[in-house]
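An overview of the molecular structure
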Amino acid sequence: MTGLRDAARALDALRRGWPVRILSAEGAIAVLAIETADDGRLATFDPDGRADVLLSSGRAATLKLANQRDAATPGTAVRIERAPWLDLPAAVALADPALDLATPLKGPFRAIATSAPDAAAAALRLARLAGLLPAFFVLDDGAGEVEVSAEAIAGQDAPGRLVVAARARLPVEVSERSEIVAFRNADDAAEHVALIIGEPDGTPPLVRLHSECLTGDVLGSLKCDCGPQLHAALHEIADSRWGILLYLRQEGRGIGLVNKLRAYALQDQGYDTVDANVRLGFDVDARDFGVAARMLQLLGQDRVRLLTNNPAKVAGLEAAGVAVVERVAHAMEANPHNRAYLDTKRDRTGHQL
């Protein structure tokens, strides 16, 4: 439990602009998130001005570092040697691709060996969990407000620790015979929800995995198909024998609301959804569908009919022990604002549209 508490404290520290010390078998590093740093925090963390910059390999590729030895492996952390001119504003320009056009990037940059690659990779994961850009000032064996192991960060939001927190009858527009079940993971405080429509009868339920989308589900965004997918899924489940809608708190394919809005800004500059996520420093899809599998298992369901066009959801459930006995197509009509988005899902992420 100590490690899990340390990971929770580390998340809080990053959001507050405090340094975190991360331990691994290879050694220790201290990191200060560039997004939440200011001149005072940076001076306290690094009084001698010697801290390097840590970025993801995706962001490093944007900076034309991908052909260098220490930036060549996708999914790894890349360490950039500190230059005299690399102050906080320059580091912010390195970290945030939304500034690439407004602030032409200086250089040249030099990627150097990372002394503790597991700790560095854990730092990038911690940033994503905190909803921050994966970019840091980094010191070898430096000090932090919180000390946490790379192993604790890796297990911080493990699906196996998800539990049922509450359940209640909830009549909804599509069916008066429905029940809502809330799930909570004490490690990250995220609350996922299942809506059970109809009565379980021993047959595999029709299931929809729906990742939270504030802009689409609530505000009616036309940039995606999330809102129409959600409402169509509810109606389709209600028209079937019975089923379950899982509402997963994995906004922006797992990168969080703020970073999703940053991706929107990049899309306005002409990048598609895949390239926008990579330029921000994240995976194309950072969601963990093991969470959905755990929810279904807690509801007593290990065989489902899955309402999806995303093969990754099928693979994610089956890898976690839930059999998909049938894939049911779930495609929405395009509009002028999301046509390119849907084309990207089909052409670059394998959606069966």
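Residues numbered from 1 in each chain as written. Predicted model: local features only at pLDDT ≥ 70, side-chain atom pairs only at ≥ 80, totals over all residues. Heavy atoms only, no water.

This part covers the overall build of the protein. When you go through the protein residue by residue, the secondary structure sums to 14 helices and 14 strands. Referenced to the eigenvectors of the C-alpha coordinate spread, the extents of the protein come out at roughly 65 × 50 × 30 Å. Residue burial in the protein is summarised as follows: out of 353 residues, 51% are buried. A separation threshold of at least 6 residues defines the contact pool for the protein, and within that pool the share at least 24 residues apart is 68%. Of the roughly 15800 Å² of accessible surface on the protein, 51% is carried by carbon and sulfur atoms. (Helix = DSSP H or I, 4+ residues; strand = E, 2+ residues; numbered from the N terminus. Buried < 20%, exposed > 50% of the residue type's maximum accessible area, 1.4 Å probe, protein only. Contact = heavy atoms within 4.5 Å. Areas by Shrake-Rupley, 256 points an atom, 1.4 Å probe, with all protein chains shown as cover.)

For a regular strand, the rule is simple: side chains alternate between the two faces of the sheet. Burial along strand 7 (residues 146–149) is one-sided: V146 and V148 are buried, and none of E147 and S149, which face the opposite way, are. Where strand 1 (residues 20–24) and strand 7 come together, 4 bridges link them in parallel fashion. Paired with V20 across the two strands is V146, which belongs to strand 7. (Pairing = 2+ DSSP bridges.)

This brings us to the packing of helix 10 (residues 257–268) against helix 11 (residues 273–280). At a minimum axis separation of 9 Å, helix 10 and helix 11 run at an interaxial angle of 120 degrees. Considering their axes alone, helix 10 and helix 11 lie oblique with respect to each other. Classified by chirality, the crossing of helix 11 by helix 10 is right-handed. Facing N259, R262, A263, L266 and Q267 of helix 10, the residues of helix 11 in contact are T273, A276, N277, R279 and L280. (Axes fitted to C-alpha atoms, helices over the stretch in contact; angles between N-to-C directions. Parallel < 35°, antiparallel > 145°, perpendicular 65-115°, else oblique. Left-handed = near helix turned anticlockwise from the far one by under 90°.)

Moving on: the packing of aromatic side chains. Applying the stated criterion across every chain, the model contains 1 aromatic pair. Each ring, one from W85 and one from F109, has its centre 5.8 Å from the other, and the planes form 55 degrees; the classification is tilted. Linking W85 in the loop between strand 4 (77–80) and helix 4 (88–95) with F109 in the loop between helix 4 and strand 5 (111–112), this pair joins segments that are 24 residues apart in sequence. Over the face of the ring belonging to Y264 we find K223, whose NZ or CZ atom lies 4.9 Å from the ring centre. (Phe/Tyr/Trp six-rings, centres within 6.5 Å; stacked < 30°, edge-to-face > 60°. Lys NZ or Arg CZ within 6 Å of the ring centre and 35° of its normal.)

Before going further, it helps to examine the side chain of Q250. Of note, Q250 is situated in the loop between strand 12 (243–248) and helix 9 (251–254). For Q250, a relative accessible area of 9% corresponds to the buried category. In terms of polar contacts, Q250 uses its side chain to reach the backbone carbonyl oxygen of D288, at 3.1 Å. If sequence neighbours within four positions are ignored, Q250 has contacts with S211, E212, R287, D288 and V291. (Polar contact = N/O pair within 3.5 Å; in protein donor to acceptor, adjacent residues only side chain to side chain.)

Moving on, we come to a nonpolar patch on the surface. A surface patch of nonpolar side chains, amounting to about 440 Å² of accessible area, comprises L214, V218, L219, L257 and L261. Mapped by element, the contributors of at least two residues to the nonpolar patch are helix 7 (214–218) and helix 10. Take L219: it is sitting in the loop between helix 7 and helix 8 (226–239). A relative accessible area of 63% means that L219 is categorised as exposed. (Patch = residues over 30% accessible without salt bridge, like charges linked within 9 Å, V, L, I, M, F, W, Y side chains within 5 Å. Salt bridge = Lys/Arg side-chain N within 4 Å of Asp/Glu carboxyl O.)

Grouped together as the largest cluster of nonpolar side chains are 33 residues, with contacts concentrated most on I34, F45, V53, I80, F137 and L280. Every element with two or more residues in this core is listed here: strand 2 (27–33), helix 2 (39–45), strand 3 (52–56), strand 4, helix 4, strand 6 (135–140), helix 10 and helix 11. Counting residues per element, this core draws most heavily on helix 4, which supplies 5 residues. In this structure, V20, A119, L129 and F136 belong to the second largest nonpolar core, which totals 30 residues. (Core = buried A, V, L, I, M, F, W, Y, C linked by side-chain atoms within 4.5 Å.)

Turning our attention to the domain arrangement of the protein. Parsing the protein into structural domains produces domain 1 (1–155) and domain 2 (162–250 + 287–349). Computed over C-alpha atoms only, the centres of domain 1 and domain 2 are separated by 34 Å. (Domains from an automatic or database assignment.)

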